[in-house]
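Examining the three-dimensional arrangement
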Amino acid sequence: MTSQIAAHADFDDIRYAQLWEDADVLTDALATKPGATLVSICSAGDNALAMLMLDPARIVVVDLSQAQIECLNLRIGAYRNLDHQSFVELMGSRPSDRRSELLTKALAEAGEATLAFWKAREADVVAYGAGGCGKFERYFRLFKNRVLPLVHSRATIDAIFQPRDRAAREEFVDRRWNNWRWKLMMSLFFSRYAMGRLGRDKAFFDHVEGSVAAHVQRRIRHAAVDCDPSVNPYLYWIMHARHGEHLPMAWRAENFETIRERLERIEIRPGSLEAFVSTGEKADGFNLSDIFEYMSPEVFAEVYGSVLDASNAGARIVYWNMMAPRRVPQAFRDRVITRAEIERDGKAVDKAFFYSDFVVEDVAP
Ligand SMILES: C[S@@+](CC[C@H](N)C(=O)[O-])C[C@H]1O[C@@H](n2cnc3c(N)ncnc32)[C@H](O)[C@@H]1O
């Protein structure tokens, strides 16, 4: 099976230098028993690494984009060769004046292609951290440096991250944050045209329905009022281009050693999910990111069917939708059980707030 999106989008450079999907929500939903075989889309690699906390026997990591696989290769080198403080400095969570040295150290055992890939990006790593040098992060940086200052003062931006109760959060968003400049900026910056040009490949919007700005506005309200923004590392990075006290799961100090010890369990398979599911191998859990959204409904149904064929009985399939609706296709409803309660719990606390749907489906035993 060939991959539909591969024919349309340009994957030459890093698109996501860090993973903008909440690994806490992902691993809570997957909840596989120790010893499982898991499959994960790579993207920047952080969630495949976080899945090691589930103590699987192995994780097969796939991605169409070699640039994205290089993000995981760098991380693997960084876990092996750096301590935690150095790791978060290299990634850009923390300020650092020694990223060049840390990059060299992290790449000590890297293959030629990985070394060349990252040496060509050294200036960006030094300036923004390895987690800041993708197209998506550039887009957020442009937002933070050029757009946000036109709308809010530094004090108002920092005030988002002061802990307060729900009622006070609601008042902050309604009275202080949602001024007319913010509303105007949202409609301009999140137009399809701007997002397609600056952040996401235009091909990705082929199947998206509704206004991006309205969707983002609703999700920001959820993140800032229903959830507690003061503990949200994704929001913090968007507003500061680095992390505060709170980090994504795979980057936390308390998970560093366990992930390091289990790195051997990661098996990288450059190529599509479609290629993996046609090998005849079977898995107990799948992290499919939001890749279904990038496919037409017909191709989605075909790929979904082959994921079912590559599943052990009771396997769990987890994925997000940003905008386009994707859930078990009609043809496979009798082979799948939707875990509505787990979905609801995940959606309620999802710190990567831009997704409209979170899907958890079990392959019937
Ligand atoms: C779908 S994108 C979404 C990124 C994500 N929302 C994030 O924040 O990182 C994640 C990755 O999926 C890869 N991808 C898309 N379709 C794929 C497919 N059919 N098989 C394997 N990888 C795929 C892309 O190359 C990209 O690196």
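Residues numbered from 1 in each chain as written. Predicted model: local features only at pLDDT ≥ 70, side-chain atom pairs only at ≥ 80, totals over all residues. Heavy atoms only, no water.

1. Points about the site of the ligand
- Neighbouring residues of the ligand: 23 residues in total, closest E21, S43, D63, L273 and Y355.
- The side chain of S43 places a nitrogen or oxygen atom 2.7 Å from an oxygen atom of the ligand.
- Between D63 and the ligand, the recorded distance is 2.5 Å, taken from a side-chain N or O atom to an oxygen atom.
- For the ligand, whose free accessible area comes to 580 Å², the fraction covered by protein is 99%. (Near = heavy atom within 4 Å. Polar contact = N/O pair within 3.5 Å; in protein donor to acceptor, adjacent residues only side chain to side chain. Areas by Shrake-Rupley, 256 points an atom, 1.4 Å probe, with all protein chains shown as cover.)

2. Observations regarding the domain arrangement of the protein chain
- As far as domains go, the protein chain holds domain 1 (5–133 + 251–363) and domain 2 (135–240).
- Between the C-alpha centres of domain 1 and domain 2 the distance comes to 24 Å.
- Each partner contributes residues to the interface: domain 1 has 43 residues there, and domain 2 has 30 residues.
- Along the contact surface separating domain 1 from domain 2 lie zero salt bridges.
- One can count 12 residue pairs in polar contact (both at pLDDT 80 or more) joining domain 1 with domain 2.
- At the level of secondary structure, the elements contributing two or more residues to the side of domain 1 that touches domain 2 comprise helix 7 (122–128) and helix 18 (340–349).
- When residues in the side of domain 1 that touches domain 2 are grouped by element, the largest group, three residues, is from helix 18. (Domains from an automatic or database assignment. Contact = heavy atoms within 4.5 Å. Salt bridge = Lys/Arg side-chain N within 4 Å of Asp/Glu carboxyl O. Helix = DSSP H or I, 4+ residues; strand = E, 2+ residues; numbered from the N terminus.)

3. Brief notes about the sheet that holds strand 4 (residues 283–287)
- Taken together, the seven strands give an open sheet; going across it, the order is 3-2-1-4-5-7-6, and neighbouring strands pair in mixed fashion. Two strands bound the open sheet, and with one partner strand each, they are strand 3 (266–270) and strand 6 (336–338). Sheet twist, expressed as the average angle between the axes of neighbouring strands with direction ignored, equals 20°.
- Summarising the sheet, strand 6 and strand 7 (residues 357–363) pair through three bridges and their orientation is antiparallel. By the bridge assignment, I337 is partnered in strand 7 with D362.
- Those strands touched by helix 3 (residues 66–81) are strand 2 (58–63) and strand 3, and its axis lies near 160° from that of strand 3.
- In the packing of helix 18 onto the sheet, the strands contacted are strand 5 (311–321), strand 6 and strand 7, and the crossing angle to strand 7 comes to about 150°. (Pairing = 2+ DSSP bridges. Axes fitted to C-alpha atoms, helices over the stretch in contact; angles between N-to-C directions.)

4. Details of the side chain of E361
- Mapped onto the secondary structure, E361 falls in strand 7.
- A distance of 2.7 Å separates a polar atom in the side chain of E361 from a polar atom in the side chain of Y304.
- Engagement of the side chain of E361 in a polar contact is seen with the backbone nitrogen of V328, the distance being 2.9 Å.
- Those residues in contact with E361 that sit more than four places away from it in its chain are Y304, A315, R316, I317, Y319, R327, V328, V336, I337 and T338.

5. Concerning the packing of aromatic side chains
- According to the stated counting rule, one finds 26 aromatic pairs in the structure shown.
- Taking 4.8 Å as the distance between ring centres and 85° as the angle between the ring planes, the aromatic pair formed by F292 and Y319 counts as edge-to-face. With F292 in the loop between strand 4 and helix 17 (297–309) and Y319 in strand 5, the pair connects residues that are 27 residues apart, well separated along the chain.
- Judged by its relative accessible area of 1%, F292 is buried.
- Accessibility expressed as a relative area gives 0% for Y319, which makes it buried. (Phe/Tyr/Trp six-rings, centres within 6.5 Å; stacked < 30°, edge-to-face > 60°. Buried < 20%, exposed > 50% of the residue type's maximum accessible area, 1.4 Å probe, protein only.)

6. Regarding the pairing of strand 2
- Judged by how many residues are buried, strand 2 sits mostly within the fold: five of six residues are covered.
- Pairing of strand 1 (residues 37–41) with strand 2 involves five bridges; the strand directions are parallel. Residue pairing for strand 2: V39 is matched across the bridge by V60.
- Following the backbone out of strand 1, through helix 2 (residues 46–51) and into the adjacent parallel strand 2, one traces a crossover that is right-handed.
- Where strand 2 and strand 3 come together, five bridges link them in parallel fashion. Looking at the pairing, V60 lines up with E267 of strand 3. (Right-handed = clockwise from strand over helix to strand, strands pointing away.)

7. A word on the pattern of salt bridges
- According to the stated counting rule, one finds 27 salt bridges in the structure shown.
- Taking the shortest distance from any N to any O, the salt bridge between R58 and E267 comes out at 2.7 Å. Of this pair, R58 sits in strand 2 while E267 sits in strand 3, and the two are 209 residues apart along the sequence.
- For R58, a relative accessible area of 24% puts it in the partly exposed group.
- Here R221 and E170 are joined by a salt bridge, their closest N and O atoms 3.2 Å apart.

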